[in-house]
Amino acid sequence: MSKERTPLFCRMKDYRLLQNASGSIGDEKDVQGLTLEITKDVESFRNSSLVTGARVSISHSPGRLTEWKKEQNALGAMERFDKRDASAMLTWESALDREQTSRQALPEAAAVALDCKMKAKEKYQSDLWLEIEHLTKGIVQQDSSSSSSAGFSTTSNAVVPCETDAIENMFEQNLKIKFYISSRSTSPSSPSGDEADLVKVIDSAHLPVHTPTIKRKEYHSRIPFPTKNKTHQFFLMSFTAPTKCHQCTSLMVGLIRQGCVCDACGFSCHTTCVEKAPRACPVPFQQKKGALCLDLQKGMGTAYEGHVWIPKKTGVEKGWQRALAIACDFKLFLYDMDEEKDSKPNVVVSQSIDMRDRAFSVSPVWSSDFIPGKKKEMLRMFKVTASQLSAPSNRYSIPILADSENERSEWVRVLSELHKILRKRHSGDRSVYILKEACDSSLPLIKTTQTATIIDHKRIALGNEEGLFVVHVTIDEIIRVGDMKHIHQIELIPHGQMVAVISGRRHHVQLFPMSALDGRKTDVHKLVETKGCQTMTSGTVCQGAHTCLCVARKSHVFCYELFQSKKISHRKFKELQTPTNVQWMAIFGEQLCIGFQSGFLRYPLKREGIPYRMLHSHDPTLSFIARQPVDALCAIEISSIEYLLCFKSIGIYTDSRGLRSRPAELMWPATPTYCRYNAPYLSVYSENAVDIFDVNSTEWIQTVPLKKVRPLNSEGSLNILHLETIRLIYFKNKMTNGDELVFPESDDHQKQASVPMPRQQAALFLPRSKGKGLPPKAL
């Protein structure tokens with residue numbers, strides 16, 4: 001009997017060891033086999049008890065008394081084993097019940113997850129088949145039911161696609177669902193960011209392999225399994241206060257989704273720094289970087305930070321406002337703060353000054369600087385200066401008030417040392433644009449200018465409430481075009497030798513020949529149907545054979561083909577309906593790109609067909625745009641297969657199918673109001689500055705510290721500056737060989753740009769009108 005029970009105890013010990021090592025039985029077949037063998041042992045226990053009861057009824061004959069006593073001794077030993085086996089069996093059965101309960105939850109969770117994946121895949125496939133059939137004109141035809149029956153097979157490390165059709169492979173290849181990241185909005189008051197979650201969104205992103213992957217059973221069952229090497233579990237975060245990267249110590253600039261945070265240890269970093277982060281979680285103390293750490297070779301990191309006071313928006317005379325100042329990446333960032341003691345700085349950058357600016361300087365404030373302030377404040381005040389306009393020479397200075405004299409001295413020392421380091425390294429000026437004043441600021445028509453465009457390198461067309469004017473920048477001449485008033489937009493159509501304007505109080509589109517810009521009398525062609533329009537765009541279709549004009553009125557878009565022989569004529573060939581009001585519009589090749597709230601669509605112009613979604617609904621990395629409606633600013637065609645979609649909160653790269661093409665996103669330092677594109681540079685306008693980005697490298701390369709500036713044309717080369725003195729500003733691109741606009745005495749202007757000069761009057765002297773303040777009307 002004891003020999004038969006010995007395997008039971010051995011198996012019980014083996015089971016405990018297996019459970020302690022892995023937390024669960026690894027193979028279902030082993031569980032079933034072990035259960036079957038132990039069940040047989042239990043049955044043998046029961047049979048032995050029956051035999052014991054039978055032996056009690058044996059007659060106590062003298063011949064068999066000795067044998068009976070021996071059997072009784074054996075039975076006593078067997079009963080002692082039975083009691084020990086019974087307690088062990090109860091322990092084993094309770095453990096087995098717990099294991100089977102957890103096992104039953106696994107297939108249910110896996111089935112629910114698989115069903116959700118199948119539904120999403122089937123919907124995606126049906127939409128994608130429509131697009132493929134439309135593109136190939138019926139060449140690709142396949143039964144969608146056969147593709148919708150395919151499923152996903154998973155492994156213990158990542159999702160692996162099954163052997164199915166091309167649609168299945170395309171779905172898996174494009175989504176690349178390997179890493180799940182949770183986007184959460186938090187306000188980090190501490191480096192660990194342990195605040196309550198406000199928004200939690202499952203988001204698939206392209207992160208390195210040491211982030212958590214989708215497990216076959218562990219992920220769906222939500223059962224914690226111990227691992228030997230604990231690694232970071234990164235989540236995308238939307239910070240509500242300035243936060244620094246623990247890896248490079250640079251600021252994570254942006255309005256939303258600025259970086260990643262480890263959910264276990266609170267390690268925060270840029271998405272681009274995830275691969276460089278220490279693998280161990282939590283990060284060992286010896287591998288942690290300090291709060292202030294600057295990489296002089298790369299120019300990355302934070303050198304100094306502290307609380308200061310900056311002038312209020314209404315000026316120094318109205319008082320000071322609390323701010324957080326951070327010297328990071330050879331830039332000085334200023335963040336507004338409330339006057340309350342426990343208030344946190346705003347995540348929006350109030351002002352940013354680049355130390356690479358050729359005119360950058362920092363110095364204490366003296367009474368000779370004529371900056372209003374009390375005598376006690378003068379001892380704690382310093383100023384930071386940067387260039388603004390190059391012709392006429394103009395610089396921008398901001399006074400900053402420190403909490404003490406020692407703080408002021410420290411700020412001046414740190415900023416001066418950083419500037420010296422830049423000069424010793426011969427760090428080149430990365431700026432793209434040089435700012436010049438295009439016209440004399442005393443010209444009356446500039447004060448009410450609403451729109452403008454560059455006709456050629458000598459002429460500018462200006463539109464304001466009084467009409468349309470052509471200004472010659474090389475000679476003293478101004479020409480008024482026609483008798484139109486209230487000019488809202490000017491669109492040059494070079495291919496058709498026409499000019500289109502939105503004018504009048506009722507916002508009609510009017511067309512006239514380009515010869516009218518020379519002062520000739522011409523007929524004006526009015527598009528009556530465009531009453532109440534807000535924007536328009538032009539281009540060519542059919543490989544430049546036809547001229548097209550598209551006009552947007554609320555959520556309707558009218559597409560016209562323009563003709564010119566002796567007179568201008570038009571033909572409306574298409575009318576489009578958008579989901580919401582049109583916010584932006586442009587022609588890309590043979591397609592019309594329209595931006596509206598939380599989306600962009602591309603419509604074919606010369607043929608019928610469904611619009612192409614530039615943000616695909618089945619890409620989980622882009623779903624956050626639809627959940628929180630945000631205005632569309634512009635779209636950029638980087639290549640025939642890639643686009644940059646600019647929203648008011650973020651910039652996203654997508655491919656021709658509407659799926660994410662790059663993991664990188666463009667982060668705005670401040671809330672943008674306008675976006676203008678002049679390849680390859682994107683100008684983002686905000687309340688206090690214009691930030692320039694390279695759309696190919698996603699690099700933030702220049703900040704123009706101009707307040708209250710607004711673009712006047714689609715490229716952003718002409719801008720109106722609304723300060724005490726209203727100015728017409730020209731953004732000259734240093735990277736181009738030629739110049740869009742040539743000023744008189746260009747050699748002198750270039751000398752002014754390279755040699756600092758005192759403030760002076762503009763170089764242009766145009767005739768000033770009398771009477772009502774308008775230039776003379778052309779004859």
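So, here's what we can say about the structure. Bear in mind the structure is a predicted one, so any value in this text is a computation, not a measurement.

On to unusual backbone geometry, then. A cis amide bond links C281 to the next residue, P282, at an omega of 0°. Turning to its location among the elements, P282 is positioned in the loop between β7 (268–269) and β8 (293–295). Cis geometry marks the peptide bond from A679 to P680; its omega dihedral reads 0°. Structurally, P680 can be placed in the loop between β37 (674–678) and β38 (681–685). If you check the backbone angles, Q543 has positive phi at about 55° while not being a glycine. On the secondary structure map, Q543 appears in the loop between β25 (535–541) and β26 (546–553). Judged by its relative accessible area of 81%, Q543 is exposed.

Here E437 shows up in strand β16 (residues 433–437). Assessed through its relative accessible area of 4%, E437 is described here as buried. Polar side-chain contacts of E437 include one of 3.4 Å to the backbone nitrogen of S441.

A few words now on the packing of aromatic side chains. Following the criterion strictly, the structure yields 11 aromatic pairs and no others. Seen in terms of ring centroids, W584 and F588 are 6.3 Å apart; in terms of plane orientation they differ by 50°. Their pairing is tilted. Exposure class is identical for W584 and F588. Each is buried. In textbook terms, an aromatic cluster arises when at least three aromatic residues are bridged by ring pairs, as seen for W584, F588, F600, Y643 and F647. The cationic tip of K606 hangs over the ring face of F573; the distance from NZ or CZ to the ring centre is 4.9 Å.

In space, the 4 strands of this open sheet follow the order β16-β43-β42-β41, with antiparallel pairing throughout. Each edge of the open sheet carries a strand with a single partner, namely β16 and β41 (709–711). Direction aside, the axes of adjacent strands within the sheet are offset by 30° on average. Strand direction decides the pairing type here: β16 and strand β43 (residues 727–733), joined by 5 bridges, are antiparallel. Bridged to K436 within β43 is Y730.

Once that is clear, we can look at the nonpolar core. Formed by 44 residues in total, the largest nonpolar core has its most connected members in F600 and L682. Only β10 (315–328), β11 (331–336), β29 (584–588), α9 (623–627), β33 (632–639), β34 (642–647), β35 (651–655) and β38 provide two or more residues apiece to this core. In terms of nonpolar packing, the next biggest core, distinct from the first, is built from 25 residues, A323, L334, M355 and L418 among them.

In spatial order, the strands read β17-β18-β19-β20; together these 4 strands make up an open sheet with antiparallel pairing. Both outer strands of the open sheet, β17 (449–456) and β20 (477–481), are each paired with one neighbouring strand and no more. Strand-to-strand twist of the sheet, defined as the mean angle between neighbouring strand axes without regard to direction, takes the value 25°.

Before going further, it helps to spend a moment on the environment of T698. For T698, the position within the fold is in the loop between β39 (690–694) and β40 (699–704). Sequence separation between T698 and E665 is 33 residues, and the spatial gap between their C-alpha atoms is 7.7 Å. Residue contacts for T698: discarding those within four places in its chain leaves Y653, R662, A664 and L666.

Right, let's get into helix α8 (residues 405–424). Turn by turn, an α-helix covers 3.6 residues, leaving residues three or four places apart pointing in a common direction. For α8, with 20 residues, the first-to-last C-alpha span of 29 Å sits near the 28 Å given by 1.5 Å per residue. When α8 is considered as a whole, its buried residues turn out to be R408, W411, V412, V414, L415, L418, H419 and L422. Across the axial projection of α8, the buried residues extend over an arc of 165°, all falling on one side. Summarising the geometry of α8, the exposed residues directed more than 90 degrees from the buried face are N406 and K424.

Thresholds applied
- Residues numbered from 1 in each chain as written.
- Predicted model: local features only at pLDDT ≥ 70, side-chain atom pairs only at ≥ 80, totals over all residues.
- Heavy atoms only, no water.
- Helix = DSSP H or I, 4+ residues; strand = E, 2+ residues; numbered from the N terminus.
- Buried < 20%, exposed > 50% of the residue type's maximum accessible area, 1.4 Å probe, protein only.
- Polar contact = N/O pair within 3.5 Å; in protein donor to acceptor, adjacent residues only side chain to side chain.
- Phe/Tyr/Trp six-rings, centres within 6.5 Å; stacked < 30°, edge-to-face > 60°.
- Lys NZ or Arg CZ within 6 Å of the ring centre and 35° of its normal.
- Pairing = 2+ DSSP bridges.
- Axes fitted to C-alpha atoms, helices over the stretch in contact; angles between N-to-C directions.
- Core = buried A, V, L, I, M, F, W, Y, C linked by side-chain atoms within 4.5 Å.
- Contact = heavy atoms within 4.5 Å.
- Expected span 1.5 Å × (residues − 1).
- Arc of directions from axis to C-beta.

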